[in-house]
Amino acid sequence: MRARLDELVAGRLAVGAALPALSCYEFGTALAVVAAAEDAGVPVALLVPPAAARGRDGSRLIAALRTLADGASVPVSVQLDHATDVGLVLEAVAAGADAVLADGSKLPLEDNAALVARVRELTAGSGTVVEAELGDIAGDEDRALSVHAAGGTDPELVAGFVAASGAQLLAVSVGNVHGRYAGEPRLDWPLVAAVRERCPVPLALHGASGLPEGDLARAGAAGLGKVNVNTELRAAVLDATQELLPRARAAGDDVLTLEAARRAAAHRFTGSLLRTLTPAPQDAH
Ligand code: 13P
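For every chain, the first residue of the written sequence is number 1, and numbering continues from 1 along that sequence. Local features in a predicted model are, by the rule used here, given only for residues with pLDDT of at least 70; side-chain atom pairs are given and counted only at 80 or more, and totals for whole chains, interfaces and linings are based on all residues. Just so you know, side-chain values use all the structure's heavy atoms and leave hydrogens and water out.

**Some thoughts on the pairing of strand β2 (residues 44-48)**
Of all five residues that make up β2, five are buried, and the element is covered over most of its length. Accessible area is worked out with a 1.4 Å probe on protein chains only. A residue is then buried under 20% of its type maximum, exposed over 50%, and partly exposed in between. Note on conventions: DSSP H or I runs of at least 4 residues are helices, E runs of at least 2 residues are strands, and numbering of each starts at the N terminus. Of the two faces of β2, the one holding V44, L46 and V48 and the one holding A45 and L47 are both buried throughout. Between any two strands, pairing holds if DSSP finds at least two bridges. As defined by bridge partners, strand β1 (residues 19-23) adjoins β2 across three bridges and the pair is classed as parallel. Residue pairing for β2: L22 is matched across the bridge by L46. Where the polypeptide runs from β1 across helix α2 (residues 27-40) and back to β2, its parallel neighbour, the crossover connection is right-handed. Note that β2 and strand β3 (residues 76-83) share five bridges and pair parallel. By the bridge assignment, A45 is partnered in β3 with S77. Think of it like this: strands point away, you trace from the first strand over the helix to the second, and a clockwise trace means the crossover is right-handed.

Next up, the structure:
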């Protein structure tokens, strides 16, 4: 069923949990993610990476995800992830995205706020929820490179940035990276607390692949209301493909078994993430 991303996040935070948001480059993975959310009876967000949104098939993928989300038995949001240009945002919204990350995090502060404000202005009246990113998150959004965390979000900039940009969710840099962590991941929890204290909108944690379960379980109670995962979901699907491919080939190019194994891997991964992000009630506060 259709839902507003900011309301889904607020609802999860109210019970000390975080909303899982998973990157879907193709429809099969999205089917498995939504099925796992339905099985668990919890909402989910489908992230469309810009690499998938760009080009001829991008709008078709988003339209298909829109139909999938609307027909689901749990609330599902479809978010364009990490958009750096306004044209792509408008195409994604026209195709059915209900949320976007207007990502100006590599720009000077004022330009970042201006990009987000422009996206708010252009999507006003459409119900689109706009996330912004403040502070550099190291790594590549589409490739699992191994990197160290970049400098964190400056808590003193948060309130002014949110006011100037009109951001409705804020992705933060708190020791997280996109892709793989070089060395032990170390989230800076005092920085999370300092940012949360000054931020009038919920926070989003990107780069959750590779974080220990304890960090993910703690996210919601710490105010990180949306947790983005890409690399680990992709790896689960790729591993299942690699493992089954020789047998599928031997069995007369058995694509049905192969596709079922890929979906089962995405389903299992999502189910386990959903459980981790939803601590038992006694652990939540
Ligand atoms: P990972 O690939 O590190 O899980 O990051 C995903 C992400 O933050 C998408 O926005």
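**Observations regarding helix α8 (residues 189-198)**
Since there are 3.6 residues in each turn of an α-helix, residues three or four apart along the chain are aligned in direction. The complete set of buried residues in α8 reads W189, L191, V192, A194 and V195. Among the structural elements, α7 (155-165), β8 (169-172), β11 (203-205), α9 (213-219) and β12 (224-229) are those in contact with the buried residues of α8. Sitting at the amino-terminal end of α8 is D188, which places a side-chain oxygen 3.0 Å from the backbone nitrogen of L191. In this analysis, two residues are considered to be in contact whenever any of their non-hydrogen atoms come within 4.5 Å of each other. Whenever two N or O atoms come within 3.5 Å, that pair is a polar contact, provided that in protein one can donate a hydrogen and the other can accept it, and provided that, for residues adjacent in sequence, both atoms are side-chain atoms.

Honestly, that's just the spatial picture; any functional story needs more than this.
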